[in-house]
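Residue-level listing of the chains:
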Amino acid sequence: VLALATALVGRAALVEVTSTVAKLGGADGVPHLHSLSNVFTARSGAWSEVTTWQANLPPGDGARVSVVGGHDVTLDVTATSKLEWVAVYNGTLRFALDRETTLHTLTVLIYPDGAVHMGDCRGGCPAGDRTCGGRAVGAAYTASISIIDAQFDHTLDPNELTHSVFVYGGTLTTC
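Residues numbered from 1 in each chain as written. Predicted model: local features only at pLDDT ≥ 70, side-chain atom pairs only at ≥ 80, totals over all residues. Heavy atoms only, no water.

Draft legend 1. Here's a closer look at the nonpolar core. Membership of the largest hydrophobic core comes to 23 residues, with the highest contact counts inside it found for Trp 47, Leu 93 and Leu 103. Among the secondary structure elements, those contributing two or more residues to this core are strand 4 (64–67), strand 5 (72–75), strand 6 (83–88), strand 7 (92–95), strand 8 (101–110), strand 9 (115–118) and strand 10 (143–147). Excluding residues that lie within four positions of it along the chain, Leu 93 makes contacts with Trp 47, Val 73, Leu 75, Val 86, Val 88, Leu 103, Ala 115, Val 116 and His 117. Membership of the second largest hydrophobic core comes to seven residues, among which are Ala 87, Leu 109, Tyr 111 and Phe 166. (Core = buried A, V, L, I, M, F, W, Y, C linked by side-chain atoms within 4.5 Å. Buried < 20%, exposed > 50% of the residue type's maximum accessible area, 1.4 Å probe, protein only. Helix = DSSP H or I, 4+ residues; strand = E, 2+ residues; numbered from the N terminus. Contact = heavy atoms within 4.5 Å.)

Draft legend 2. Broad picture of the pattern of salt bridges. Here the structure, examined in full by the defined rule, presents four salt bridges. Residues Glu 84 and Arg 64 are paired through a salt bridge, measuring 3.2 Å at the closest nitrogen-oxygen approach. Here the residue Glu 84 occupies a position in strand 6, and Arg 64 occupies one in strand 4, the gap between them amounting to 20 residues. Residue Arg 64 is classed as partly exposed on the basis of its relative accessible area of 23%. One salt bridge in this structure joins Asp 72 and Arg 94, with 3.0 Å as the shortest N-O distance. Residue Asp 72 is found in strand 5, and its partner Arg 94 is found in strand 7; the two are separated by 22 residues along the sequence. Among the residues examined, Arg 94 registers a relative accessible area of 19% and is labelled buried. (Salt bridge = Lys/Arg side-chain N within 4 Å of Asp/Glu carboxyl O.)

Draft legend 3. Geometry of the sheet that holds strand 12 (residues 171–174). What the five strands build is an open sheet, ordered 3-5-7-9-12; its pairing is parallel. Of all strands in the sheet, those bounded by a partner on one side alone are strand 3 (45–46) and strand 12. Two elements, strand 9 and strand 12, share four bridges in a ladder whose sense is parallel. Bridge assignment links Val 116 to a residue of strand 12, and that residue is Leu 172. (Pairing = 2+ DSSP bridges.)

Right under this line is the structure:
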């Protein structure tokens, strides 16, 4: 199953999510991936800065990433490594406004108190105004989440909740 969430913000906000509707499982129906992560934020900062990450090790291929601790991380790289997941738990992941950015991952899971911003909506979002009165990603740029194609790990995810962008009480904004 291949899912894609893309924000073509600046011209017009667009979110396209294509995925199989997953069955809920577990006590609350949500895989708690943040507890199984192997790369955690150490502080707020740019994705590309080694000091943003615990042990100064930025996420590489196959990483299980958690943005935690109220940290605010800006995705400022053209394309990430192919990650197993990005769990945003009590933190914020922002896509840079001034360049092309793509997050390559199997899963994005946004927990309560977590947020992913593909554009800057801090100016507020009047009803029907998808530009949110804030700064959008520049018209020449695209911010995207690319769900990589891979087999489900039924040991970790017996209900096939991964391979998608899953917002569980958190916030996903595209403006």
